Protein chains: 2
Amino acid sequence: MKEAISQNTKELENLTVQHRETLNRAVQALHERTFFSQYPEHPSPAIYGEGADQAGLEQYKGQLGKRFEELLQESPEGWAGQEESPYEQEKLNISYPTFSVETLVARGQKAFHVWRKVSPLERAAILVESLERMKGRFFEIAHATMHTTGQAFLMSFQASGPHAADRALEAIAAGYEEQTRFPETQVWEKPMGKFNLKLNKSWKAVPKGLGLVVGCSTFPTWNTVPGMYASLVTGNPVIVKPHPKGVLPIAIVIAEVQKVLAEYGLDPNICQLAVDPDDKLITKELAEHEAIKLIDYTGGTAFGNYLEGLKGKTVFTEKAGVNSIILDSAEDLDKVVQNLAFSLTLYSGQMCTAPQNFFIPANGVTVAGEQVPYEEVVNKLAEAVKGLVNNPKAGPHVLGAIQNQLTQQRVKDLENGNGRSVLTTCDVANPAFANARICSPVLYEVDATEKEQYSQELFGPIALIIKTKDTAESIHLAQEMAMQHGAISCGAYTTDPAIKEEIMDQMGLAGTPVSFNLTGGIYVNQNASFSDFHVTGGNPAGNASFTNPEFVIKRFTWVGFREPAAN
Amino acid sequence: MKEAISQNTKELENLTVQHRETLNRAVQALHERTFFSQYPEHPSPAIYGEGADQAGLEQYKGQLGKRFEELLQESPEGWAGQEESPYEQEKLNISYPTFSVETLVARGQKAFHVWRKVSPLERAAILVESLERMKGRFFEIAHATMHTTGQAFLMSFQASGPHAADRALEAIAAGYEEQTRFPETQVWEKPMGKFNLKLNKSWKAVPKGLGLVVGCSTFPTWNTVPGMYASLVTGNPVIVKPHPKGVLPIAIVIAEVQKVLAEYGLDPNICQLAVDPDDKLITKELAEHEAIKLIDYTGGTAFGNYLEGLKGKTVFTEKAGVNSIILDSAEDLDKVVQNLAFSLTLYSGQMCTAPQNFFIPANGVTVAGEQVPYEEVVNKLAEAVKGLVNNPKAGPHVLGAIQNQLTQQRVKDLENGNGRSVLTTCDVANPAFANARICSPVLYEVDATEKEQYSQELFGPIALIIKTKDTAESIHLAQEMAMQHGAISCGAYTTDPAIKEEIMDQMGLAGTPVSFNLTGGIYVNQNASFSDFHVTGGNPAGNASFTNPEFVIKRFTWVGFREPAAN
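What you see is a predicted model; the values in this text were computed from it and never measured.

(A) Summary view of the UniProt feature "domain: Aldehyde dehydrogenase" (unreviewed entry) in chain A. As annotated by UniProt and renumbered to match this structure, "domain: Aldehyde dehydrogenase" (unreviewed entry) occupies residues 101-507 of chain A. In the segment residues 101-507 of chain A, helix accounts for 45% and strand for 20%; the C-alpha atoms at its two ends are 42 Å apart.

(B) How the structure looks around the domain arrangement of chain A. All names here are of chain A. As assigned here, chain A comprises domain 1 (96-181 + 199-318 + 556-567) and domain 2 (324-516). Each of domain 1 and domain 2 was reduced to a C-alpha centroid, and the two centroids are 34 Å apart. Taken together, the contact pairs 13 residues of domain 1 with twelve residues of domain 2. For the pair domain 1 and domain 2, the summed buried surface comes to about 920 Å²; carbon and sulfur atoms form 69% of the total. On inspection of domain 1 and its partner domain 2, the count reaches zero salt bridges. The tally of links from domain 1 across to domain 2 stands at three residue pairs in polar contact (both at pLDDT 80 or more).

(C) Region of the structure containing the sheet that holds strand β15 (residues 365-367) of chain A. Residue and element names in this part refer to chain A. Strand order in this open sheet of three strands is β13-β15-β16, and the pairing throughout is mixed. For this open sheet the edge positions go to β13 (329-330) and β16 (370-372), each flanked by a neighbour on one side alone. Pairing of β15 with β16, which is carried by three bridges, proceeds in the antiparallel orientation. In the sheet register, Thr366 faces β16, and the bridge partner there is Gln371.

(D) View of the interface of chain B and chain A. Counting residues at the interface gives 70 residues for chain B and 70 residues for chain A. Per-residue buried area on chain B facing chain A is highest for B:Phe35, B:Arg181 and B:Arg562; these three make up 12% of the total on that side. For the interface between chain B and chain A, the tally reads 14 salt bridges. Salt-bridge contacts for B:Glu563 lead to A:Lys500; the nearest nitrogen and oxygen are separated by 2.6 Å. Inspection of the region where chain B meets chain A yields 44 residue pairs in polar contact (both at pLDDT 80 or more).

(E) Representation of the packing of aromatic side chains within the structure. Counting across every chain of the model gives 46 aromatic pairs over all chains. Centroid distance A:Phe68 to A:Tyr96: 5.6 Å. Interplanar angle 40 degrees. Geometry classified as tilted. Here A:Phe68 is found in the loop between α4 (52-63) and β1 (78-80), whereas its partner A:Tyr96 is found in strand β4 (residues 96-98), with 28 residues between them in sequence. Exposure class is identical for A:Phe68 and A:Tyr96. Each is buried. Both rings, one in B:Phe219 and one in B:Tyr347, keep their centres 5.7 Å apart while their planes meet at 85 degrees; by these two values the pair is edge-to-face. With B:Phe219 in the loop between β7 (210-214) and α9 (225-233) and B:Tyr347 in the loop between α13 (333-345) and β14 (357-361), this pair connects stretches of sequence that are 128 residues apart. A residue is classified by how much of its surface remains accessible, and B:Tyr347, at 1% relative accessible area, is buried. Members of the aromatic cluster, connected to one another through ring pairs, are A:Tyr39, A:Tyr48, A:Phe138, A:Phe139, A:Phe153 and A:Phe157. Taking the ring centre of A:Phe112 as reference, the NZ or CZ of A:Arg116 above it sits at 5.7 Å. Sitting over the ring of A:Tyr306, A:Lys284 keeps its end group 4.8 Å from the ring centre.

(F) Spatial organisation of the packing of α9(B) against helix α10 (residues 248-263) of chain B. Residue and element names in this part refer to chain B. Two elements in contact, α9 and α10, have axes separated by 12 Å at closest approach and are oriented at 20 degrees. Judged by the angle between their axes, α9 and α10 are roughly parallel. Between α9 and α10 lies a crossing of right-handed hand. Each of Val225, Met228 and Tyr229 in α9 lies in contact with α10, whose residues at this interface are Ile250, Val253, Ile254 and Val257.

(G) Seen up close, the pairing of strand β7 (residues 210-214) of chain A. All names here are of chain A. Counting buried positions over the five residues of β7 gives five, a clear majority of the element. Side chains Leu210, Leu212 and Val214 project from β7 onto one buried face, and the interleaved Gly211 and Val213 project onto a second face that is buried too. Sheet topology note: the β7/strand β10 (residues 292-298) ladder contains five bridges and is parallel. Bridge pairing in β10 places Leu210 opposite Ile292. Pairing of β7 with strand β8 (residues 238-241), which is carried by four bridges, proceeds in the parallel orientation. Considered in β8, the bridge of Val214 is made with Lys241. After leaving β7, the chain enters helix α9 (residues 225-233) and then returns to the sheet as β8, a path that is right-handed.

(H) Examining the pattern of salt bridges more closely. Inspection of the entire model under this criterion finds 56 salt bridges over all chains. We note a salt bridge from A:Lys451 to A:Glu480, for which the minimum N-O separation is 2.9 Å. Placement of A:Lys451 in helix α17 (residues 451-454) and of A:Glu480 in helix α18 (residues 471-485) is noted, with a sequence separation of 29 residues between them. When the shortest N-O distance is used, the salt bridge between B:Glu263 and B:Arg133 registers 2.8 Å. Taken as a pair, B:Glu263 in helix α10 and B:Arg133 in helix α6 (residues 120-135) lie far apart in primary sequence, 130 residues in all. Overlapping salt bridges, with partners in common, bring together A:Glu177, A:Glu178, A:Arg181, B:Glu177, B:Glu178 and B:Arg181 in one network.

(I) Representation of helix α8 (residues 153-179) of chain A. The end-to-end C-alpha separation of α8(A) is 38 Å, in line with the 39 Å expected for 27 residues at 1.5 Å each. In terms of burial, α8(A) is largely enclosed, as 24 of its 27 residues are buried.

(J) Just the sheet that holds strand β9 (residues 271-273) of chain A, in detail. All names here are of chain A. If you trace the five strands from one edge of the open sheet to the other, you get β9-β8-β7-β10-β11, paired in parallel fashion. What marks the edges here is a single partner per strand, and that holds for β9 and β11 (314-318). Geometrically, the sheet is characterised by an average inter-axis angle of 15 degrees between neighbouring strands, direction not taken into account. Bridge count between β8 and β9: three bridges; the pairing is parallel. Directly across from Ile239, in β9, lies its bridge partner Gln272. The strands touched by helix α5 (residues 101-115) are β7, β8 and β9; relative to β9, the strand with the most contacts, the crossing angle is about 170 degrees.

(K) Spotlight on the relation of the copies chain B and chain A. Of the transformation superimposing chain B on chain A, the axial component is 0.0 Å and the angular component is 180 degrees, with the fit at an RMSD of 0.0 Å. Classification of the inter-copy transformation places it as that of a two-fold axis. Rotation axis and chain B: the residue whose C-alpha lies nearest the axis is B:Glu550, separated from it by 3.4 Å.

(L) Local environment of the environment of A:His485. Residues and elements named next belong to chain A. Of note, His485 is situated in helix α18. Sequence separation between His485 and Asn323 is 162 residues; the distance between their C-alpha atoms is 9.6 Å. Apart from residues no more than four positions distant in its own chain, His485 is found in contact with Ala320, Gly321, Val322, Ser455, Glu480 and Pro540. A polar atom in the side chain of His485 sits 3.3 Å from the backbone oxygen of Ser455.

(M) Region of the structure containing unusual backbone geometry. The step from A:Phe546 to A:Thr547 runs through a cis peptide bond, and the omega angle for that step is -15 degrees. Locating A:Thr547 in the fold gives a position in the loop between β21 (514-516) and α20 (549-553). We note that B:Ala368 has phi near 50 degrees; this positive angle belongs to a residue other than glycine. For B:Ser545, which is not glycine, the phi torsion reads 45 degrees and is therefore positive. Position of B:Ser545 relative to the elements: it lies in the loop between β21 (514-516) and α20 (549-553). Residue classification places B:Ser545 among the buried residues on the basis of a relative accessible area of 0%.

About the criteria used
- Residues numbered from 1 in each chain as written.
- Chains lettered and ligands numbered in written order.
- Predicted model: local features only at pLDDT ≥ 70, side-chain atom pairs only at ≥ 80, totals over all residues.
- Heavy atoms only, no water.
- UniProt positions renumbered as here; feature names shortened; annotations may be inferred.
- Helix = DSSP H or I, 4+ residues; strand = E, 2+ residues; numbered from the N terminus.
- Domains from an automatic or database assignment.
- Contact = heavy atoms within 4.5 Å.
- Buried area = accessible area lost by both parts, 1.4 Å probe.
- Salt bridge = Lys/Arg side-chain N within 4 Å of Asp/Glu carboxyl O.
- Polar contact = N/O pair within 3.5 Å; in protein donor to acceptor, adjacent residues only side chain to side chain.
- Pairing = 2+ DSSP bridges.
- Phe/Tyr/Trp six-rings, centres within 6.5 Å; stacked < 30°, edge-to-face > 60°.
- Buried < 20%, exposed > 50% of the residue type's maximum accessible area, 1.4 Å probe, protein only.
- Lys NZ or Arg CZ within 6 Å of the ring centre and 35° of its normal.
- Axes fitted to C-alpha atoms, helices over the stretch in contact; angles between N-to-C directions.
- Parallel < 35°, antiparallel > 145°, perpendicular 65-115°, else oblique.
- Left-handed = near helix turned anticlockwise from the far one by under 90°.
- Right-handed = clockwise from strand over helix to strand, strands pointing away.
- Expected span 1.5 Å × (residues − 1).
- Least-squares fit on C-alpha atoms with pLDDT ≥ 70 in both.

Shown next as structure tokens:
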């Protein structure tokens, strides 16, 4: 491998020159925190080429029923695949190579000693190059995402393509910056009176070791690439264990990473895909392996807590959260409920940032100085959801399909709960997919005193309307939910600067970002790379924090060396 | 309190102007990493004033047998004190106010809501001011340190005074920089084709909550102030729980912090001293209290591991380590053994950075091209220690006294172990202190195969000479000890660039800094603020890592807020 590296030194140097500007611009964007995007989110032919969508669809279809042969991981020990389309409710019948945990770890450990010796700049350049290759497959990834997650096409394209690539670039930029933030070498010279003590010093950012990245079923690339690229840029090889139901989108990304690695003479096992054999889940065995030093995880709370409890690992999690909306006052209630209805309906609430608990004071909401009664606010919200869902030009495209039957079941089960139903789920047809698993949002009313009703995440298109004494109680309960059960987003509507300040203060203590007074084309669910920090670790929802400095610096250790210098 | 803050706003602003340059210079030093010191280490009258030493001694003596009344913590619930001088082997009879855990926590929580609203710059300015006040008491702190730790006067002055203050400034600078590294506000503007989506965004570094700082008996300020100031600058009030045998030095520092806080209208309980009542240790009760979110700890491994295992806390530890010396080759063996003898003898090896395991190849060490046999190297080292210890002008001043009788006992107990004694401890008299508890270094020889003999920290003046097959085995064993049992320093002597590279690589993987070929006036035990990272978390010796960015950013959470902006 050493020979291969030296043969490829010149090519690698060229690659660093080629991507240096992108990297510098991305580092700059991290600190500016205004809008920045390297990968355009609009799936237009003007940007991505005529016929790119059709070609991507055909590539996706061409993979159905076949073995995924693109990976450079040699000698598969088996083949497995369990994906099925929420739109077709049929199996994709794609199978992926499988490997034992021992094989994965042994190959990862070998790759570690190659990858850790590649400089941070070279690693960053290789990883940026992999994103450029990924860009060429955004449409294929989009169709793969649709038919594994149930997201509508536009979200599939944006979330799994350009937005994910931007999140990956953000992690690369942050990792590159942190590793190059201190001098590599320095002469330390201490005046001692008659002479100077002089030491040559050097510092290395030493990677921690093998990383494991555990993906989820609803955002197979968006939630996977930040941890994956953060570990890679800091010199740690990764084993990516996707959710068995959402493999193809990330398999395509990993195939591109492996191809770039191989082109530059590096071991493709620096980035391995680890699919569970059909009859055996391997995540626990992988996570507990002593060679695994870093874990990135998106998914349920119980498994996340188990991972966080493992000794000797650095663990980044994104778990369940209970997201709140606080309604106090507004200028235009119609615009407010339209915005909220969209947030609720978008991908049928299957987002970690989707709102769930809507706190509304018993005496209603102040709208342009007038008090609108509680019942009217609730009805307006329900009507807005109905209007959106039943609009054939919008409904199916916003809702998408339900990824997991259990989510559908959860929506139905609620009818037997203690809440008063405000809006039941209704049949929505998707003209393009007659068999799509669709489920429109349900609204239930509960009282603020019925805390057990709203103290957990009800993943899916489920909203709870919680009647509170006043906004002070709404804030208190939203904070309590976030502190005790976690929260990833919060939306608040108020025209009162003092209440706004109070919400910022109280939700800030609960480590929860707040979007105020959103109306129009921006939603509480959305999270912009290079500007919005995601998760950040201030409450039980997790500590994945892409991408603030903590997300990358915990992946390596600073080690210093020193030696007397000639005077 | 709010009124008090507004009354003091102008004064606080002036203070930020006054200390801004110091702060900026310190931030710059963090990134230059060459020699920087704000507080001169030389205890000379030219710097600290004529009679400063004598005045400090008198202040120290004036405190003996009395209550320590300087703190601004109201209504003590008791008085306690257990300090005794290793030089006099007599009690100091100083008593400190004690408080119940509930009182300490309640006051800390109240102070939290004051302190977290003070800006990072203002907090930094207040803390720098407290170091300026501390500077005026360096000599008093030095004598207090001598008579609690047993350090010789010069080390007491330097380690507890200027070096500690520099370490505190380093933490302040790093914390200030990290909290101001991203914009406080920004307009995020996303082009949408026909219009721009425009959001006003702001971000806050939200402190985690109450911090607990647990001090050790040998470095009562040097090991305490980094965590204490790191928590404080990031907005977290602290409760400082010193070792019962080493209170006075840090009590003086805390008294100065409290006075500055009070002068600027802030609650002095932002920084509380928590001394154990004589009949009750309170560290566990404090650490387990759910209000405590941050813990800094220096001390034994068992208690450190217990703290690291507590749920819902961010914990920084400095625990035991097994530090190695790797002897391969040198230009001048005499200079090498003199340097090592000093490192072993300095403060009788009661330093976390003191060397313990000396790996020497069975076929000896190459010196200026000639092979010096193993036995000769060992004898030279023993002779160098004897020469230093028995030099009346140097010995007592380098050795200091033994802080804890158990350390003395450990030295004696080893005589009954399996090692072959190369050098036994000898009586050394300190002309100034006839009753001083003194114990010179012992050297024991063990074979590389007797791993259980050298796999733990033997705190105190104890060196194990380990005969290895060759340097490759020395490196392998030094790495294994660091990885399995922790290490905070490593010294290596080699004239072979390839071996040097190999040692850097292997000890780097073990997260252990390496000093190469030290001779003359610089020792493996020494650790320079603003240049050398300390501990850094790469092995079981701890993760206190003062001061790299990780040491401060884990003490707060980034939280973002956003709202549509007028177009």
